[in-house]
Amino acid sequence: MLITAHGGAHNTSRNSKKFFSNIALYNVDVVEVDIWKCGKKLYLSHLPAIPYFRIPLAFAFEFIKKYNFKINCDVKQKGIVKDVLFLAGQMDVLDRIIFTGSVCLHDIKHLTEGEAYLNKSFFKLRHPQPCDVKAMSECIKSCHCPNISGINLKYSYLTEDFLAECEKYNLKVSAFVVDKENEMARLLKHKIIANITSNYPYKLLGKLQLKIKK
C-alpha cells in the first residue's frame, strides 16, 4: 500500500515550496501535485494560473529524484499525459509517475509508462455505486492498457459494499482525501486499497505502523 501526501499536507499551501520542504521530512511513498499546461509550460496549480507565478513541474521532478519519492500527477486538463511523460523521460523519473485526475481516452493511448488510477469522470459517473464496479472493471479491460492500475475515488464512495465488489473483480482502489482517523483505520483493513492520500500522512503512517506490529 502506498501513502500519498496530498498537496498542501500538514497545513502548508498547495503546490508550494513550503509543502515540498515539509514533506521531505516524512517517510511517505508519494507526493501529489496538480498540473496544468499553458503553451509549452507544465506548471503546478489547482486552478488555472499565470505560469510565471507558479512552480514548474520540473521542480517537482527534481524533488522526487532527490528524496526518492513517487509523484501523483493529478492532471487538471485532458490531453496532457503525453507531455508529462515526455518531461519525465527527459528527467529520468518515468518509473516514479502515477496519474490521477482528468485522464481521458486520448491520454490512455499515450500511457506507455508510469501508471494511472482513473477517476469517476473517466467512467462518466457522478456517484459511483457498488453496482457500477463490474462495468468500471470491464471498461478498464477494454482499454487494453497494462499501465492502468485501478480507480481513484473519494473515500466517501468507498463503502464496505463497494470495496467488497472491488475485491470480487480484483479492482485496485486509490482513496482520497482521507483525513479522519476512523476512516484511515477502516480502509487500512482492505487489501484491495492500493493507495491512501491524506492531508495528514503522519497520522496514516502511525496507524500503518501499528497495523504492521500487530
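Residues numbered from 1 in each chain as written. Predicted model: local features only at pLDDT ≥ 70, side-chain atom pairs only at ≥ 80, totals over all residues. Heavy atoms only, no water.

1. Observations concerning the overall build of the chain
Put simply, the test is: Strands are runs of DSSP state E lasting at least two residues, helices are runs of H or I lasting at least four, and both sets are numbered from the N terminus onward. Note that the radius of gyration is over C-alpha atoms, with the globule rule given as 2.2 Å times the number of residues to the power 0.38. Whether a residue is buried, partly exposed or exposed follows from its accessible area with a 1.4 Å probe, protein chains only, as a fraction of its type maximum: under 20%, in between, or over 50%, in that order. What makes two residues a contact is simply this: any of their non-hydrogen atoms within 4.5 Å. The Shrake-Rupley method, run with a 1.4 Å probe sphere, supplies the accessible areas, and residue values consider only the shown protein chains as cover. The sign given to each residue is positive for Lys and Arg and negative for Asp and Glu; His and the chain ends receive no count. Lys charges are placed at NZ, Arg charges at CZ, Asp charges at CG and Glu charges at CD.
Helix and strand counts for the chain stand at eight helices and nine strands. Against the 2.2 N^0.38 benchmark of 17 Å for 214 residues, the chain shows a C-alpha radius of gyration of 17 Å, consistent with a compact globule. Taking the principal axes of its C-alpha atoms as reference, the chain extends roughly 45 × 40 × 25 Å. Here the chain holds 214 residues, and 51% of them are scored as buried. Counted over contacts in the chain with a minimum sequence separation of 6, partners at least 24 positions apart contribute 58%. Here the chain displays about 11,000 Å² of accessible surface, and carbon together with sulfur accounts for 53% of that area. Positive and negative side-chain charges in the chain, numbering 32 and 20 respectively, have mean positions lying 3 Å apart.

2. Overview of the pattern of salt bridges
Side chains that differ in charge, positive against negative, can pair when their charged atoms come close. This is how it is decided: Salt bridges are defined by distance alone: a side-chain nitrogen of Lys or Arg within 4 Å of a carboxyl oxygen of Asp or Glu.
All told, the structure shown has eight salt bridges when counted by the stated rule. Salt-bridge contacts for lysine 37 lead to aspartate 83; the nearest nitrogen and oxygen are separated by 3.2 Å. One end of the pair, lysine 37, is in strand β2 (residues 30-38); the other, aspartate 83, is in helix α3 (residues 81-90), with 46 residues separating them in the sequence. Where arginine 186 meets glutamate 183, a salt bridge forms, and the shortest distance between an N and an O atom there is 2.8 Å. With a gap of three residues between them, arginine 186 and glutamate 183 both fall in helix α7 (residues 181-187), about one helical turn apart. Glutamate 183 carries the same exposure label as arginine 186, and that label is buried. One continuous salt-bridge network, built from bridges that share partners, spans Arg14, Asp34, Asp74 and Lys76.

3. Concerning the packing of aromatic side chains
Heads up, the rule is: When the centres of two rings from Phe, Tyr and Trp lie within 6.5 Å, Trp using its six-membered ring, the rings pair. Their planes under 30 degrees apart give stacked, over 60 give edge-to-face, and anything left gives tilted.
This structure, assessed with the given rule, holds eight aromatic pairs. With a centroid separation of 5.3 Å and an interplanar angle of 75°, the aromatic rings of phenylalanine 20 and phenylalanine 59 are classed as edge-to-face. Taken together, the positions of phenylalanine 20 in helix α1 (residues 17-23) and phenylalanine 59 in helix α2 (residues 57-67) put the pair 39 residues apart, joining distant regions of the chain. Residue phenylalanine 20 is classed as buried on the basis of its relative accessible area of 1%. Its relative accessible area of 29% is what places phenylalanine 59 among the partly exposed residues.

4. Observations regarding a nonpolar patch on the surface
Applicable threshold: Patch rule: a residue counts if its relative accessible area is over 30% and it has no salt bridge; like charges are joined within 9 Å, and nonpolar side chains (Val, Leu, Ile, Met, Phe, Trp, Tyr) within 5 Å.
A cluster of nonpolar side chains, namely Ile50, Tyr52 and Phe53, defines an oily patch on the protein surface of about 440 Å² accessible area. Among the secondary structure elements, tyrosine 52 is positioned in the loop between β3 (41-44) and α2.

5. Here we look at the nonpolar core
Stated formally: What makes a nonpolar core is a set of buried Ala, Val, Leu, Ile, Met, Phe, Trp, Tyr and Cys residues whose side-chain atoms join them at distances within 4.5 Å.
Grouped together as the largest cluster of nonpolar side chains are 65 residues, with contacts concentrated most on Leu57, Phe61, Phe99 and Ile151. Not counting chain neighbours up to four residues away, the residues in contact with phenylalanine 99 comprise Asn72, Cys73, Val75, Val81, Val84, Leu85, Leu111, Glu115, Ala116 and Tyr117. Counting five residues, the second-largest nonpolar core is a separate cluster that includes Leu2, Ile98, Tyr117 and Ala194.

6. Section: unusual backbone geometry
Note on backbone geometry: most residues besides glycine have negative phi, and most peptide bonds are trans. The phi dihedral of asparagine 68 is positive, around 60°, even though this residue is not glycine. Of note in the backbone geometry, aspartate 92 takes a positive phi value of approximately 60° without being a glycine.

7. Some remarks on the pairing of strand β6 (residues 115-118)
Inclusion rule: When DSSP locates at least two bridges between a pair of strands, those strands are taken to pair. Clockwise travel from the first strand over the helix to the second, with the strands pointing away from the viewer, marks a crossover as right-handed.
Because side chains alternate across β6, one face comprises the buried residues Glu115 and Tyr117, and the other comprises Ala116 and Leu118, equally buried. Across two bridges, strand β5 (residues 97-101) lies against β6 in parallel orientation. Residue phenylalanine 99 lies in a different strand from β6, and its bridge partner there is alanine 116. In this structure, β6 lies alongside strand β7 (residues 148-154), joined through three bridges in parallel fashion. By the bridge assignment, leucine 118 is partnered in β7 with isoleucine 151. Following the chain from β6 across helix α5 (residues 133-142) to the adjacent parallel β7, one finds a crossover that is right-handed.

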